[in-house]
Amino acid sequence: MKRILRRQKSAYALSLIFCLLWLATLFMTLWKTWPEVSSAENPFSTYLALLWEENFGFIPGLEFKLVYLTIVGDAMLISGVVIWLLSRQWFYLPGKTVLLECPFCKKRWRSNPDKGLVHCPHCRQLVHPRMVHK
Ligand SMILES: [Zn+2]
């Protein structure tokens, strides 16, 4: 059995876009909170606290808390990872050799199944070997 990994390029690109959007939201929240975070004693907890306090407005009149931006960003990251995992598909190809049986002498040997008419290695007859399935 041969394993082949096939990646779907469009899904790959989509997952990359989601991860970049997550990075963008991360940078946006950091950029918004940086003045306070950089001067805080405990930057991480200050950052988390500010996520719930600071408002962020893309469109004038429509504001939402930074934490929502973080949630949306994290959701995008998860979607990106899921899409990336789904875009990787393993394909199993049947092995190159199969077990063939001579219709005359009933002896078996392993060979490439592509050839239709072959010489039996046991009785030397030109035969159409039968494929043996286990
Ligand atoms: Zn034979």
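Refer to the structure presented above.
Being a predicted model, the structure only gives us computed values, none of them experimental. As a convention, each chain's residues are numbered from 1 in the sequence order in which they are written. In keeping with the predicted nature of the model, local features appear solely for residues at pLDDT of at least 70, side-chain atom pairs appear and are counted solely at 80 or more, and the whole-chain, interface and lining totals rest on all residues. With hydrogens and water excluded, all non-hydrogen atoms of the structure serve as input to the side-chain values.

A. Representation of the pattern of salt bridges. A pair is scored as a salt bridge if a Lys or Arg side-chain nitrogen falls within 4 Å of a carboxyl oxygen belonging to Asp or Glu. Tallied over the full model, the rule gives 2 salt bridges. Across the pair Arg 130 and Glu 101 runs a salt bridge, and its minimum N-O distance is 3.1 Å. Taken together, the residues span a long stretch of sequence, with Arg 130 in strand E9 (residues 130–131) and Glu 101 in strand E5 (residues 98–101) at a distance of 29 residues. Only protein chains enter the calculation, and the probe is 1.4 Å; a residue is then buried if its accessible area is under 20% of its type maximum, exposed if over 50%, and partly exposed in between. For Glu 101, a relative accessible area of 8% gives the class buried. Each of the salt bridges in this network shares a partner with another, and the network as a whole consists of Glu 101, Arg 108 and Arg 130. The secondary structure listing takes helices from DSSP runs of H or I that are at least 4 residues long and strands from runs of E that are at least 2 residues long, numbered from the N terminus.

B. Spotlight on the side chain of Ser 111. Tracing the backbone shows Ser 111 in strand E6 (residues 108–111). The exposure class assigned to Ser 111 is buried, which follows from its relative accessible area of 16%. Any pair of residues with heavy atoms lying within 4.5 Å of one another is described as a contacting pair. Excluding residues that lie within four positions of it along the chain, Ser 111 makes contacts with Lys 96, Thr 97, Val 98 and Leu 100.

C. Examining the packing of helix H1 (residues 9–39) against helix H2 (residues 43–53) more closely. Helix axes are fitted to C-alpha atoms over the stretch in contact, other axes to C-alpha atoms as well, and angles between N-to-C directions run from 0 to 180 degrees. At their nearest, the axes of H1 and H2 sit 10 Å apart, and the two run at 115° to each other. Considering the angle they form, H1 stands roughly perpendicular to H2. In this structure, the crossing between H1 and H2 has a hand that is right-handed. Of the residues in H2, those in contact with Leu 26, Thr 29, Leu 30, Thr 33, Glu 36 and Val 37 of H1 are Pro 43, Thr 46, Tyr 47, Leu 50 and Leu 51. Looking at the contact of H1 with H2 residue by residue, the class counts come to 7 nonpolar, 3 polar and 1 charged. We call two directions roughly parallel when the angle between them is under 35 degrees, roughly antiparallel when it is over 145, roughly perpendicular when it lies between 65 and 115, and oblique otherwise. Take the far helix as your reference; a near helix turned counterclockwise from it by less than a right angle gives a left-handed crossing, and one turned clockwise gives a right-handed crossing. In this count, Pro and Cys sit with the nonpolar residues alongside Ala, Val, Leu, Ile, Met, Phe, Trp and Tyr, while Asp, Glu, Lys and Arg are called charged and the others, Gly among them, polar.

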